[in-house]
Amino acid sequence: MDPVGAGRPQPDEPPLAADHQSRQLHPRSVLFWQVENAVLALVLVALVVVSVQTAWPTSPWSGWVRGALGLGLACTLFDAAVLIPRRYRYYRYTLTAESLLIERGRLFRRRRAYPLSRILYIEARQGPLLRWFGLYTVRAGTIIESAAVGPIDKNEAERFERAIRERSP
């Protein structure tokens, strides 16, 4: 029995700086998303509490606002404890000689391919929170849309940028 692919012509393109395997985001991505979620929740809570105490302290709507605030916090906790780890588990990206492939989701799966020949720019972003975690987000843009991959570490971001710049026009 012949091995799979034996006797078939192999592509004569040189290997890409990427290794063609599906990769997962950096493990600190989960903690980054959870902290980002917590910061946003704290800002929203502060805004709601200040507005309820100053604008409507005796209003009959203040009870509803407090209930909505509690529901929002419960949803935030559910997101941090359940949904964010699942988002990490089902987020993959692959860099091949021809395209960037991004796969997300389990229930609603989304698979997008961006041909490297159509990518016009690539940038590595690092805001204050990403810098604190030592992570980057790499964004590649075509004429119509852009795709972000991350959070990933510095070495992966540099490898990613280099590989795309080698192959894009």
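Residues numbered from 1 in each chain as written. Predicted model: local features only at pLDDT ≥ 70, side-chain atom pairs only at ≥ 80, totals over all residues. Heavy atoms only, no water.

## Topic: the overall build of the protein chain
Turning to step 1, where the next piece is worked out: Counting its secondary structure elements, the protein chain contains four helices and seven strands.
Turning to step 2, where the next piece is worked out: Each helix (α) and strand (β) of the protein chain, taken in turn from the N terminus, gives the series β-α-α-β-β-β-β-α-β-β-α.
Turning to step 3, where the next piece is worked out: Counting all 169 residues of the protein chain, 33% fall into the buried class.
Turning to step 4, where the next piece is worked out: In the protein chain, once contacts between residues fewer than 6 apart in sequence are set aside, the share between residues at least 24 apart is 55%.
Turning to step 5, where the next piece is worked out: In the form shown here, the protein chain has an accessible surface area of approximately 11,300 Å², with 60% of it arising from carbon and sulfur atoms. (Helix = DSSP H or I, 4+ residues; strand = E, 2+ residues; numbered from the N terminus. Buried < 20%, exposed > 50% of the residue type's maximum accessible area, 1.4 Å probe, protein only. Contact = heavy atoms within 4.5 Å. Areas by Shrake-Rupley, 256 points an atom, 1.4 Å probe, with all protein chains shown as cover.)

## Here we look at the pattern of salt bridges
Turning to step 1, where the next piece is worked out: Following the criterion strictly, the structure yields six salt bridges and no others.
Turning to step 2, where the next piece is worked out: Note that R111 and E103 form a salt bridge whose closest N and O atoms lie 3.7 Å from each other.
Turning to step 3, where the next piece is worked out: For E103, a relative accessible area of 25% gives the class partly exposed.
Turning to step 4, where the next piece is worked out: One continuous salt-bridge network, built from bridges that share partners, spans R23, E156 and R159. (Salt bridge = Lys/Arg side-chain N within 4 Å of Asp/Glu carboxyl O.)

## A look at the confidence of the model for the protein chain
Turning to step 1, where the next piece is worked out: Taken residue by residue, the protein chain gives an average pLDDT of 81. The fraction at 70 or more is 84%.
Turning to step 2, where the next piece is worked out: Note on residues 1-18: pLDDT is under 50 here. Beyond four places in sequence and across chains, it has 18 contacts. (pLDDT = per-residue confidence, 0-100.)

## Comments concerning the environment of R86
Turning to step 1, where the next piece is worked out: Mapped onto the fold, R86 is located in helix α2 (residues 62-89).
Turning to step 2, where the next piece is worked out: Between the alpha carbons of R86 and V30 there is a distance of 9.2 Å; along the sequence they are 56 residues apart.

## Digging into the layout of surface pockets
Turning to step 1, where the next piece is worked out: As a volume, the largest pocket reaches approximately 240 Å³.
Turning to step 2, where the next piece is worked out: Around the largest pocket sit L83, R86, R87, Y90, Y91, R104, G105, R106, L107 and F108, which together line it.
Turning to step 3, where the next piece is worked out: The element that contributes the greatest number of residues to the lining of the largest pocket is α2, accounting for three residues.
Turning to step 4, where the next piece is worked out: Of the residues belonging to the lining of the largest pocket, the class tally is five nonpolar, one polar and four charged.
Turning to step 5, where the next piece is worked out: Computed from the structure, the second largest pocket encloses a volume of approximately 160 Å³.
Turning to step 6, where the next piece is worked out: Lining the second largest pocket, in full, are A113, Y114, P115, R118, L120, T142, I143, I144 and E145.
Turning to step 7, where the next piece is worked out: For the lining of the second largest pocket, the residue count by class is six nonpolar, one polar and two charged. (1 Å grid on protein atoms, 1.4 Å probe; cavity = no way out; pocket = protein on both sides within 12 Å on 5 of 7 lines; lining within 4 Å. Points joined across faces, edges and corners; volume = space filled by probe spheres on them. Nonpolar A, V, L, I, M, F, W, Y, C, P; charged D, E, K, R; others polar.)

## As for the nonpolar core
Turning to step 1, where the next piece is worked out: Ranked by internal contacts, the top residues of the largest apolar core, which has 28 residues, are L25, Y93, L100, I102, V149, F160 and I164.
Turning to step 2, where the next piece is worked out: Of all elements in the fold, only α1 (28-54), α2, β2 (91-95), β3 (99-104), α3 (128-133), β6 (135-141), β7 (146-153) and α4 (154-167) reach the threshold of two or more residues within this core.
Turning to step 3, where the next piece is worked out: The residues contacting V149, other than those within four sequence positions of it, are L25, Y91, Y93, L100, I102, Y136, T137, V138 and F160. (Core = buried A, V, L, I, M, F, W, Y, C linked by side-chain atoms within 4.5 Å.)

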